[in-house]
Amino acid sequence: MPSCLFCQIVAGNIDADVLRIGELTLAFRDIRPQAPVHVLIIPKEHLANVAELTPEHGPLLVETAGMAKWIAASEGIAESGYRIVTNTGPDGGQTVDHLHFHLLGGRQMTWPPG
Ligand code: AMP
Ligand code: ZN
């Protein structure tokens, strides 16, 4: 059994509120939502964070963008707008070491983030 939490979700060993499964990615609701819509989009493949992406991961990033667009439409926030964030390392606020993109929407986002 893989030790990584998100690899366990990909494997189906831990339950998650999965919204969509793609060829290379998976999208599920964040367990502690920070906005009315808070979805995590992750690669099925284990990558620690964006620093591990290489040119071969182009299709993965394209699928991630398409996934975000599809979820935004299905959640009704395509027009109101949304934010996509990925945290890297301790100062970036990363707490799960499996690459994930937060899709946040349904409220006005502040800038700069705290
Ligand atoms: P980060 O702090 O950027 O690494 O984001 C990790 C995110 O994963 C946080 O927003 C957590 O609320 C979320 N999270 C942790 N465990 C789970 C889980 N089992 N299912 C869904 N989301 C989770
Ligand atoms: Zn993993």
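Residues numbered from 1 in each chain as written. Chains lettered and ligands numbered in written order. Predicted model: local features only at pLDDT ≥ 70, side-chain atom pairs only at ≥ 80, totals over all residues. Heavy atoms only, no water.

Draft legend 1. Molecular detail of the layout of surface pockets. Estimated volume of the largest pocket: approximately 740 Å³. Together, 30 residues line the largest pocket, and Asp30, Gln34, His38, Leu40 and His102 are the ones closest to its centre. At the level of elements, α1 (5–11), β2 (25–29), β3 (37–43), β4 (82–85) and β5 (101–105) are the ones that each hand at least two residues to the lining of the largest pocket. No other element matches α1, which puts three residues into the lining of the largest pocket. For the lining of the largest pocket, the residue count by class is 13 nonpolar, ten polar and seven charged. (1 Å grid on protein atoms, 1.4 Å probe; cavity = no way out; pocket = protein on both sides within 12 Å on 5 of 7 lines; lining within 4 Å. Points joined across faces, edges and corners; volume = space filled by probe spheres on them. Helix = DSSP H or I, 4+ residues; strand = E, 2+ residues; numbered from the N terminus. Nonpolar A, V, L, I, M, F, W, Y, C, P; charged D, E, K, R; others polar.)

Draft legend 2. Representation of the packing of aromatic side chains in the model. Within the structure shown, the criterion is met by one aromatic pair. Pairing Phe6 with Phe28 gives two aromatic rings, centres 5.4 Å apart and planes at 80°, and the pair type is edge-to-face. Taken together, the positions of Phe6 in helix α1 and Phe28 in strand β2 put the pair 22 residues apart, joining distant regions of the chain. By the burial criterion, Phe6 is buried, and Phe28 matches it. The ring of Trp70 carries Arg20 above its face, with NZ or CZ at 4.1 Å from the centroid. (Phe/Tyr/Trp six-rings, centres within 6.5 Å; stacked < 30°, edge-to-face > 60°. Buried < 20%, exposed > 50% of the residue type's maximum accessible area, 1.4 Å probe, protein only. Lys NZ or Arg CZ within 6 Å of the ring centre and 35° of its normal.)

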